[in-house]
Amino acid sequence: MDNLFIVDAFSSQPFGGNPAAVHLFPEKEEETWMQALAGEMNLSETAFVSRQGADFGLRWFTPTLEVDLCGHATLAAAHILWQQGILKTQETARFHTRSGLLTCTRQGDWIEMDFPAEPAHPCPKPEALLKALGITAGRVSRSRMDYLVCLDDEALVRSLTPDMNALKEIETRAVIVTAQAETTEHDFVSRLFAPAAGIPEDPVTGSAHCTLAPYWGPILGKREMVGYQASRRGGEVKVCVQDNRVILSGQAVTVVAGRLSA
C-alpha cells in the first residue's frame, strides 16, 4: 500500500492551495526520524498519521520543527484516509493531536474541520515587527501562537515584501497580516509569514483562520465567512465561528502517491 503522499490542500485543482506531505502509519515514530523526513520533503508541513484504536494520532512537522496546530496538513491527512478507503466516506476522521481532539467530516467535495478558536488580543506594537513588515502603522494583536497585524488596505497586504531575516528574530510562531476584502466574493484577505519555522511565506494556513475567524466575526457581524490567503499560490478557506471552536472548510487533491523506502 502507498504510504507517502503529497496533497494540495485548500484547492480543488492540482498545483494550487498549500501542498502537504502525508505519511501513513510510520514504522518509526522517533521525533528525529520524523523531523528528518519533513526536512527531506521540504514542504511547509509533513503530517504523520498513526493508529490509535479506532481513531488516529496526528503530528505535524515543518522542515525545521514540530508545531502544535496545522490546518492544511490535517485536511490533507483526512483526505488521504478517505481516498485510500481507510475510512468510509460517511465516517468521521478523529485525530488526537497536541491541540486536543480534531475531527474532520466530508460534505460533498468539501472537508469540514472542527478546530479550537485561537483568538487574538490587542497588544503593544513591537517596533521591530512593523519595521520587518515594511509598514509604519497597523493594529497589532497576539494569539497564543501568532502576531496578527490588521491593515486598512487589501492592496497593501498583497504588496508586502517583508524583511525575512528581521522577521525571523520576532519571538512568535508566525505573523499574520490581514485586511477586509474589497470584493464581495471574500470577507477578508490574509498572508502568513513564518521564517522562524522554516516557512518564509505559507501558501494557505488553516490554523491562521482559527485566529482570523474570531477576529473578523465581530467586526463584520458574521459567524460564517470566506477568507482568501493571498499568497502566490493562493487559496480559499470557509470559516464558521461556534463559541470557542472554528469550523474550517476546504477542498483537497492528491498530486503524488508512492511508498517510502527509507
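Residues numbered from 1 in each chain as written. Predicted model: local features only at pLDDT ≥ 70, side-chain atom pairs only at ≥ 80, totals over all residues. Heavy atoms only, no water.

Visitor: Could you give me a rundown of the overall build of the chain, with the residues and numbers involved?
Guide: A count of helices and strands for the chain gives six helices and 18 strands. Expected size for 262 residues packed as a compact globule is a radius of gyration near 18 Å; at 18 Å, the chain falls within 12% of this value. When its C-alpha atoms are laid out on the principal axes, the chain stretches across 55 × 35 × 30 Å. For the chain, buried positions account for 57% of its 262 residues. The long-range fraction of contacts in the chain, counting pairs at least 24 apart against all pairs at least 6 apart in sequence, stands at 61%. As displayed, the chain offers around 11,600 Å² of accessible surface, 47% of which is attributable to carbon and sulfur atoms. Counting 23 positive and 32 negative side-chain charges, the chain places the averaged centre of each group 1 Å from the other. (Helix = DSSP H or I, 4+ residues; strand = E, 2+ residues; numbered from the N terminus. Rg over C-alpha atoms; globule rule 2.2 N^0.38 Å. Buried < 20%, exposed > 50% of the residue type's maximum accessible area, 1.4 Å probe, protein only. Contact = heavy atoms within 4.5 Å. Areas by Shrake-Rupley, 256 points an atom, 1.4 Å probe, with all protein chains shown as cover. Lys, Arg positive; Asp, Glu negative; His and termini not counted. Charge placed at Lys NZ, Arg CZ, Asp CG, Glu CD.)

Visitor: Hey, could you go over the environment of Thr74 for me, with residue numbers and the actual values?
Guide: Tracing the sequence through the fold places Thr74 in helix H2 (residues 71–83). The exposure class assigned to Thr74 is buried, which follows from its relative accessible area of 0%. Along the sequence, Thr74 and Leu212 sit 138 residues apart, while their C-alpha atoms lie 18 Å from each other. If near-sequence neighbours (up to four positions away) are discounted, Thr74 is found in contact with Leu58, Trp60, Phe95, Leu102, Cys104, Met113 and Phe115.

Visitor: Tell me about a nonpolar patch on the surface, residues and numbers included.
Guide: Among the surface-exposed residues, Phe15, Val255 and Val256 lie close enough to one another that they form a single nonpolar patch of about 290 Å² accessible area. Structurally, Val255 can be placed in strand S18 (residues 252–258). Taking relative accessible area as the criterion, Val255 reaches 31% and is therefore assigned partly exposed. (Patch = residues over 30% accessible without salt bridge, like charges linked within 9 Å, V, L, I, M, F, W, Y side chains within 5 Å. Salt bridge = Lys/Arg side-chain N within 4 Å of Asp/Glu carboxyl O.)

Don't take any of this as a statement about function, it's just geometry.
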